[in-house]
Amino acid sequence: VMKLNPQQAPLYGDSVITVQLTEEDKVEDDVVFYLVFTGSTVQHCTSTRKINPGSLETISPGHDCCETVKVALCASREGRPVLVVAEESFQFVQDEAYDAAQFLATCAGNQQALNFTRFLDRSRPPAADVDFLDEKVALAFRHLKLPAEWNVLGADQSLTENIPRETLMHFAVRLGLLRLTWFLLQQPGGRGALSIHNNEGATPVSLALERGYQKLHQLLTEEEAREPDSWSTLSHTVHSGDYSVKHHRGLDVYMLTAEA
C-alpha cells in the first residue's frame, strides 16, 4: 500500500501530493513512477519526481466533478512492461476558492454582490492571505466552464460605458489580486472594464495607483505587459481533441488528461 498525502484535492487541481512508498517499492534509480487517476468520465496520468528513496511528489490534476477516484501507482523501466505496484483512493472536492470563483463569475454584472465585495475589503486581509487567495481563486476561475457569452462586465452589455458602476475588475484590483486581474484581462470585457468609473469616480487603473500597487498598475497600463512572474510558476496547458497535457513548471511535472 502506498500513502497519499493529502488524500484529496480541490477540483481545479494544482496542489502538491506526496506519495510514500513501502519498503518493497523503494527501487533502483532507473525506475520511473507515474500516478494514474481514474474517474467516472476522465482519466489523468501524472509524472512524479523523487524527493528521497521512499517518497515521490506530484501535482494533482484538475478534475471534472466531485467524486472519489482510484489512483494507481505505476512503475516503468526501459524494456520492461509497466507494472501497477499499488492502488489507493483519492477524492476531488469543491473548496471555498472554487465557491468564490463561481460566486464571482455569476455576479459579474450584479451591483449588490459587487458592493458586498467592497464591504469585504474593509477588513484588509494580510498580504500572505491575499497571495494565497489570489492563486487559488485564479486557478479555480481558470477551471470553471464559463459560458461562451460570459463577460467580465456581466451579461447586460447594453449598459453604456459611462454609467458609473462597480466591476469585477475593481474588485480584483482593490484587493491587489495580480493573477486574477491578469486572468480577467484576457476575458471578454476585461479591457473595457479598465475605463469604467465607479460611484466614487475611480477606475480599476486609478485604484491600482491610489493603493500603490505598482506591479498591478504596470499590468493594466503597459501595452506589452507580460504575465505576472508569480503566475508562471504555476502551470501551462495544451489541449488537443479529447486530450490535454499540462506542465507544472514549479515541480517540472507533466500530466495527461483524457476522456476515459
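Residues numbered from 1 in each chain as written. Predicted model: local features only at pLDDT ≥ 70, side-chain atom pairs only at ≥ 80, totals over all residues. Heavy atoms only, no water.

The name that an unreviewed UniProt entry assigns to the protein is AKP13 protein, with the source organism given as Pandion haliaetus.

A. Structural context of the domain arrangement of the protein. Entries for the protein in the domain assignment read domain 1 (3-94 + 235-259) and domain 2 (96-226). Relative to domain 2, the C-alpha centre of domain 1 lies at a distance of 33 Å. Facing seven residues of domain 1, the contacting portion of domain 2 comprises nine residues. The contact between domain 1 and domain 2 buries some 800 Å² in all, and 56% of this surface belongs to carbon and sulfur atoms. Together, Tyr12, Asp14 and Gln94 form the three largest contributors to the area buried by domain 1 at its contact with domain 2, with a combined 70%. Viewed at the interface, domain 2 and domain 1 are joined by four residue pairs in polar contact (both at pLDDT 80 or more). (Domains from an automatic or database assignment. Contact = heavy atoms within 4.5 Å. Buried area = accessible area lost by both parts, 1.4 Å probe. Polar contact = N/O pair within 3.5 Å; in protein donor to acceptor, adjacent residues only side chain to side chain.)

B. The pattern of salt bridges, seen in detail. In total, this model carries eight salt bridges according to the counting rule given. With its nearest N and O atoms 3.6 Å apart, the salt bridge here joins Arg179 to Asp131. Remark: Asp131 occurs in helix α3 (residues 127-143) and Arg179 occurs in helix α5 (residues 178-185); sequence separation between them is 48 residues. Glu166 is the salt-bridge partner of Arg174, the closest N and O atoms lying 3.2 Å from each other. Classification of Arg174 as buried rests on a relative accessible area of 4%. Salt bridges here are not isolated pairs; linked through shared partners, they connect Asp131, Asp134, Glu135 and Arg179. (Salt bridge = Lys/Arg side-chain N within 4 Å of Asp/Glu carboxyl O. Helix = DSSP H or I, 4+ residues; strand = E, 2+ residues; numbered from the N terminus. Buried < 20%, exposed > 50% of the residue type's maximum accessible area, 1.4 Å probe, protein only.)

C. Region of the structure containing a nonpolar patch on the surface. Residues Tyr243, Val245, Tyr254 and Leu256 make up a contiguous nonpolar surface patch of roughly 380 Å² in combined accessible area. The set of elements that each furnish at least two residues to the nonpolar patch consists of β11 (243-248) and β12 (253-259). Mapped onto the fold, Val245 is located in strand β11. (Patch = residues over 30% accessible without salt bridge, like charges linked within 9 Å, V, L, I, M, F, W, Y side chains within 5 Å. Areas by Shrake-Rupley, 256 points an atom, 1.4 Å probe, with all protein chains shown as cover.)

D. Expanded view of the packing of aromatic side chains. Taken as a whole, this structure holds five aromatic pairs when the rule is applied. Ring centres of Phe37 and Phe92 lie 6.4 Å apart, and the angle between their planes is 50°; on these two criteria the pair is classed as tilted. Taken together, the positions of Phe37 in strand β4 (residues 32-38) and Phe92 in strand β9 (residues 83-93) put the pair 55 residues apart, joining distant regions of the chain. Judged on exposure class, the residue Phe37 and its partner Phe92 are both buried. Ring centres 5.3 Å apart and planes at 45° place the aromatic pair Phe141 and Phe183 in the tilted group. One end of the pair, Phe141, is in helix α3; the other, Phe183, is in helix α5, with 42 residues separating them in the sequence. Across the pair, exposure class does not vary: Phe141 and Phe183 are buried alike. An aromatic cluster is built from Phe37, Phe90 and Phe92, whose rings are joined through pairwise contacts. (Phe/Tyr/Trp six-rings, centres within 6.5 Å; stacked < 30°, edge-to-face > 60°.)

E. Region of interest: the pairing of strand β3 (residues 16-20). A one-sided burial pattern is seen for β3, the buried positions being Ile17 and Val19 and the unburied ones Val16, Thr18 and Gln20. When strand β1 (residues 3-5) meets β3, the two strands line up antiparallel, connected through three bridges. Residue pairing for β3: Asn5 is matched across the bridge by Thr18. Relative to strand β7 (residues 55-59), β3 runs antiparallel, the two sharing five bridges. From the neighbouring strand, Thr18 faces β7, where its bridge partner is Glu57. (Pairing = 2+ DSSP bridges.)

F. Layout of the side chain of Ser55. Along the chain, the position of Ser55 falls in strand β7. Its relative accessible area of 5% is what places Ser55 among the buried residues. A distance of 2.8 Å separates polar atoms of two side chains, one belonging to Ser55 and the other to Asn52. For Ser55, the contacting residues outside a window of four places in its chain are Thr18, Val19, Gln20, Arg49 and Lys50.

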